[in-house]
Amino acid sequence: MTSPKSLHGVNYAPITMTSTKSLHGVNYAPPRSFGTVLKANLKETLFPDDPFHEFKNEKLSIRILKGIQYFVPIFQWLPKYNLGLFKYDLLSGITIASLAIPQGISYAKLGDLPPIIGLYSSFVPPLIYAIFGSSRHLAVGTVATCSMLIAETIQQKVKPQENMPLYLSLFYTATLVSGLVQTALGVLRLGFLVDFLSHSTITGFMGGTALVICLQQLKGMLGLKHFTSHTDVVHVLRALFENRKEVGKLSKGINPPSLHLLNFSPEYISVAVKAGIITAIISLAEGIAIGRSFSILDNEQIDGNKEMIAIGLMNIVGSFTSCYLTTGPFSKTAVNHNAGCKSQMSNVVMSMCMLLTLLFLAPLFGYTPLVALSAIIMSAMLGLIDYEKAYHLYKTDKFDFLICMAAFFGVAFISMDMGLILSVGLALVRALLYVARPPTCKLGTITNTAFRDIEQYPGSNGTPGMLILKLGSPIYFPNSNYVRERILRWVRDEQSLANSKRNEIEYLLLEFGGVTSIDITGVETLFEVRRCLAATSIKMILINPRLGVMEKLIVTKFIDVIGKESVFLTIEDAIENCRFSLKCSSQSKSKNVEIA
């Protein structure tokens, strides 16, 4: 068998299963199958952290143990738990339990529910979260936003004063729907959605929510009996002024079962599903954003998928045990963190405190003094308005500052969910701008082997007869027109400059190392660019196309059109070859002139 021929280090010999690469690693093998590519892309999308890498080389028994620890985090941290950690969690758990009582009562009232439901919701869900949750800071409980959202949606169909049993059953049904949606998102490994919550969004969200919670505590500080159900600054201040002149009976007993109260009647299921889906997304965004915020403070990371599953499971179980929707309240989590919690055990302690309260102390909280608790919450909140971080964003990145302020003012003056939506929306707009207007740059030489952006290094030199461009993003339908126009503009400008120096451009060198993927629209764009270049006798050269891009260029016959001799491994190889061609062309022109 003869040795395979290569050109520019690229192997063009017939490809076999045993030898598909050239000496320098450029792959011209037949493109991978759709299934192979799909499997690789799904793995990178859903398992970017490769969570099971520690399992691969272990015995079966160890793999089973680590698998259980991964899916049920309590088996990971509980064996390492000790009395030294428990003393911190005991203090934190008692502290957040003292907040859970008045908060549970007040947030239940926001949803027009019996106050005891708020206490039930701080007993069972924290136990579920302690088993499945991955954040050691998150303190579980009801939240004002979701309490009001569910109430507002269900009251479009049923008024609590008209039919409280039906109203309550729809609350439980909406909670079940939320839990199912949240668990499904986690099981499907969609935790990457949390990545849309940038540092700027989290900073603004924390600050705005801290301000809102502080203002909400004025009700307890000033002893007001009437207050607003809204959380924004304007409504809270209006309520303060309108009521400037100025809790019910609680029975003992733990959560009764509520599975039989779930209502799937066609007449009412639509409002329960609507309320459940909306609050599922909002409570996830709020809970994970809060958990992530406090994890960042301690240089830790949380698994968004585990959080989705944990929050979903505690709402599913909660809907069966007379609880309504729970997540990670901002104020309670802040107090939990500041009190020095060390693990999820603080949620267990809080749950046990709530158990004692429900069994023995519930009637005593009919008239709870809220002034001290309001003061504790306010002091914790004020420390979380990170104005130094906001100022740093202003000085370093104005768009990030705008994203931060959208979250802050959106939460403070509209609502928590709208603040998140506005901030994440701006962040998405910024990301879309990056996608639609990808960076391109002209490369020049600093040394014989160093090619750099001429705008960053103005002293770099161009290469006579050639234009070298570097593309720095995927080429696909959102940006293909821009990429085409930008390349042709570079060519036009370079031709104008070259004509003034009597140095025609004969080669366009495209460095493809930064082009991670290309779709059919992107390939058609390359065909169009090549046709435009051919009209002016400029030849296109490709340098270092990546595997996925090369596969697409092969199956679309683009490589056949430009010729394999026009693909190079490095810029240096391409320049050397083009210089040789330019020299030969120049000598040929000289001979023609002499003959004439």
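None of the values given here were measured: they were computed from a predicted structure. (Residues numbered from 1 in each chain as written. Predicted model: local features only at pLDDT ≥ 70, side-chain atom pairs only at ≥ 80, totals over all residues. Heavy atoms only, no water.)

Draft legend 1. Spotlight on the overall build of the protein. The secondary structure content of the protein amounts to 24 helices and eight strands. Considering the protein as a whole, with its 596 residues, one finds that 50% of them fall into the buried category. For the protein, the exposed surface amounts to about 29,300 Å²; the carbon and sulfur share of it is 62%. (Helix = DSSP H or I, 4+ residues; strand = E, 2+ residues; numbered from the N terminus. Buried < 20%, exposed > 50% of the residue type's maximum accessible area, 1.4 Å probe, protein only. Areas by Shrake-Rupley, 256 points an atom, 1.4 Å probe, with all protein chains shown as cover.)

Draft legend 2. Representation of a nonpolar patch on the surface. Among the surface-exposed residues, I254, L356, L359, F360 and L361 lie close enough to one another that they form a single nonpolar patch of about 450 Å² accessible area. On the secondary structure map, F360 appears in helix α15 (residues 345-361). With a relative accessible area of 56%, F360 lands in the exposed category. (Patch = residues over 30% accessible without salt bridge, like charges linked within 9 Å, V, L, I, M, F, W, Y side chains within 5 Å. Salt bridge = Lys/Arg side-chain N within 4 Å of Asp/Glu carboxyl O.)

Draft legend 3. Main features of the pairing of strand β7 (residues 539-543). Taking burial as the measure, the five residues of β7 include four buried ones, the bulk of the element. Strand direction decides the pairing type here: strand β6 (residues 507-511) and β7, joined by five bridges, are parallel. Looking across to β7, one finds that L510 is bridged to L542. After leaving β6, the chain enters helix α21 (residues 520-535) and then returns to the sheet as β7, a path that is right-handed. (Pairing = 2+ DSSP bridges. Right-handed = clockwise from strand over helix to strand, strands pointing away.)

Draft legend 4. Seen up close, the UniProt feature "transmembrane region" (unreviewed entry) in the protein. The feature "transmembrane region" (unreviewed entry), as annotated in UniProt, sits at residues 85-101, 113-132, 166-190, 196-215 and 399-429 in this numbering. The span residues 85-101 carries 100% helix and 0% strand; its end-to-end C-alpha distance comes to 25 Å. (UniProt positions renumbered as here; feature names shortened; annotations may be inferred.)

Draft legend 5. Representation of the pattern of salt bridges in the model. As enumerated under the stated definition, the model contains nine salt bridges in all. Residue E511 is joined to K470 by a salt bridge in which the shortest nitrogen-to-oxygen separation is 3.1 Å. Here K470 lies in strand β5 (residues 466-471) and E511 lies in strand β6, a separation of 41 residues in the sequence. Relative accessible area serves as the criterion here: at 9%, E511 is assigned to the buried category. Notably, a salt bridge pairs E485 with R484, separated by 3.2 Å at the nearest N-O pair. In this structure, a network of salt bridges that share partners links the residues D397, D400 and R430.

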